[in-house]
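For reference, the chains in residue letters:
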Amino acid sequence: TTNACGSPPPPPPPPPPPTKNACGGTSNLSATPGTTCGNKCGTWKCSGQDNVVCGNEGVCSPGTTSGGFCNYFDECGPGMTTNTCSNSCQWTPGTCIFTKSYAPSTGSSCGSVICLQVQNCSANSCTAVVTKNDSSTFSTNPIQWSLVDTNGKVLKNAPGSGCDMHYGGQSSFSFTFTPPASTATLQLKLWSGGTTCNMLYTSGTVALKKCQ
């Protein structure tokens, strides 16, 4: 076909190039790069020219909370805590709250003759168990005793009026006491010998940690 002047018409223009997406490809993206995703902290980012991924989304949603254990290896542990998700989508641990009120060192602590063990502690009471270090029984001689901390404060005295407690034939005796207001180291002092209790024996020391 020619035009009026006898010349062929010009060729049609080439098709326009395909429209590129924000990542440089030609496919429709599932989200717009730069917008928020995930836990409100993430941002959609290009992953190649035709795909987007959510990056830096954090591990939690701001304002949410989660309970969990804490301080497994503490004498008082494990405790419980409430973690709160920060505005950066990361967990922030709360205060560790222990279920125990006090944590005594385990086992018996012995001196040359007598041993002391502290157990079954609550907020207001602990039990002290006194034995002889060779597991033998106490003699029929009268006894007097005091439970003290290493600062010399008396936590409990024998209930008698002096050298008049008798544990003859027993392999142990026990009593309850009010634990100190703070972490302390305890020791039992026991007087015996004839009828006058003129001999002093001491147990080993027991550490008593205040947990809360």
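Residues numbered from 1 in each chain as written. Predicted model: local features only at pLDDT ≥ 70, side-chain atom pairs only at ≥ 80, totals over all residues. Heavy atoms only, no water.

Draft legend 1. Main features of the sheet that holds strand β14 (residues 172–177). A sheet is described by the order of its strands in space; here four strands give the open sequence β9-β10-β11-β14, paired in antiparallel fashion. At either margin of the open sheet sits one strand with a lone partner, and together these are β9 (109–110) and β14. Across six bridges, strand β11 (residues 126–132) lies against β14 in antiparallel orientation. Residue pairing across strands places Thr 131 opposite Ser 172, the latter belonging to β14. (Pairing = 2+ DSSP bridges. Helix = DSSP H or I, 4+ residues; strand = E, 2+ residues; numbered from the N terminus.)

Draft legend 2. Structural view of the nonpolar core. Among the nonpolar cores identified, the biggest contains 25 residues, and Trp 145, Phe 175, Phe 177 and Leu 188 are the most heavily contacted of them. The dominant element in this core, judged by the number of residues it contributes, is strand β15 (residues 184–192), at four residues. By size, the runner-up hydrophobic cluster in this structure holds six residues, among which are Cys 70, Cys 96, Phe 98 and Ala 103. (Core = buried A, V, L, I, M, F, W, Y, C linked by side-chain atoms within 4.5 Å. Buried < 20%, exposed > 50% of the residue type's maximum accessible area, 1.4 Å probe, protein only.)

Draft legend 3. Structural detail: the state of the cysteines. If you walk through the whole model with that rule in mind, you get nine disulfides. Here Cys 23 is linked by a disulfide to Cys 46, with a sulfur-sulfur distance of 2.0 Å. The chirality of the disulfide connecting Cys 23 with Cys 46 is left-handed, given an S-S dihedral of about -90°. Of this pair, Cys 23 sits in the segment before β1 (36–37) while Cys 46 sits in strand β2 (residues 42–46), and the two are 23 residues apart along the sequence. Residue classification places Cys 46 among the partly exposed positions, given a relative accessible area of 39%. The disulfide that involves Cys 41 links it to Cys 89, with 1.9 Å between the sulfurs. (Disulfide = S-S within 2.5 Å.)

Draft legend 4. Representation of the pattern of salt bridges. Applying the stated rule across the entire model yields two salt bridges. Residues Asp 74 and Lys 209 are paired through a salt bridge, measuring 3.1 Å at the closest nitrogen-oxygen approach. With Asp 74 in the loop between β4 (65–70) and β5 (79–85) and Lys 209 in strand β17 (residues 206–210), this residue pair connects regions lying 135 residues apart in the sequence. For Asp 74, a relative accessible area of 22% translates into the label partly exposed. Of the charged contacts in the structure, one is a salt bridge between Lys 209 and Glu 75, with a shortest N-O distance of 3.3 Å. With Lys 209 in strand β17 and Glu 75 in the loop between β4 and β5, the pair connects residues that are 134 residues apart, well separated along the chain. (Salt bridge = Lys/Arg side-chain N within 4 Å of Asp/Glu carboxyl O.)

Draft legend 5. Structural context of the side chain of Asn 83. Note that Asn 83 resides in strand β5. Filtering out sequence-adjacent residues up to four positions away, Asn 83 remains in contact with Thr 64, Thr 65, Ser 66, Trp 91, Thr 92, Pro 93 and Gly 94. (Contact = heavy atoms within 4.5 Å.)

Draft legend 6. Highlighting the packing of aromatic side chains. Under the definition given, this model contains seven aromatic pairs. Here Phe 69 and Tyr 72 contribute two aromatic rings whose centre-to-centre distance is 5.9 Å and whose plane-to-plane angle is 45°, an arrangement assigned as tilted. By relative accessible area, Phe 69 is classed as exposed at 53%. Here Phe 138 and Phe 173 contribute two aromatic rings whose centre-to-centre distance is 5.5 Å and whose plane-to-plane angle is 55°, an arrangement assigned as tilted. Of this pair, Phe 138 sits in the loop between β11 and β12 (144–149) while Phe 173 is found in strand β14, placing the two residues 35 residues apart along the sequence. Note on accessibility: Phe 138 and Phe 173 belong to one class, buried. (Phe/Tyr/Trp six-rings, centres within 6.5 Å; stacked < 30°, edge-to-face > 60°.)

As far as function goes, none of this settles anything; it's purely spatial.
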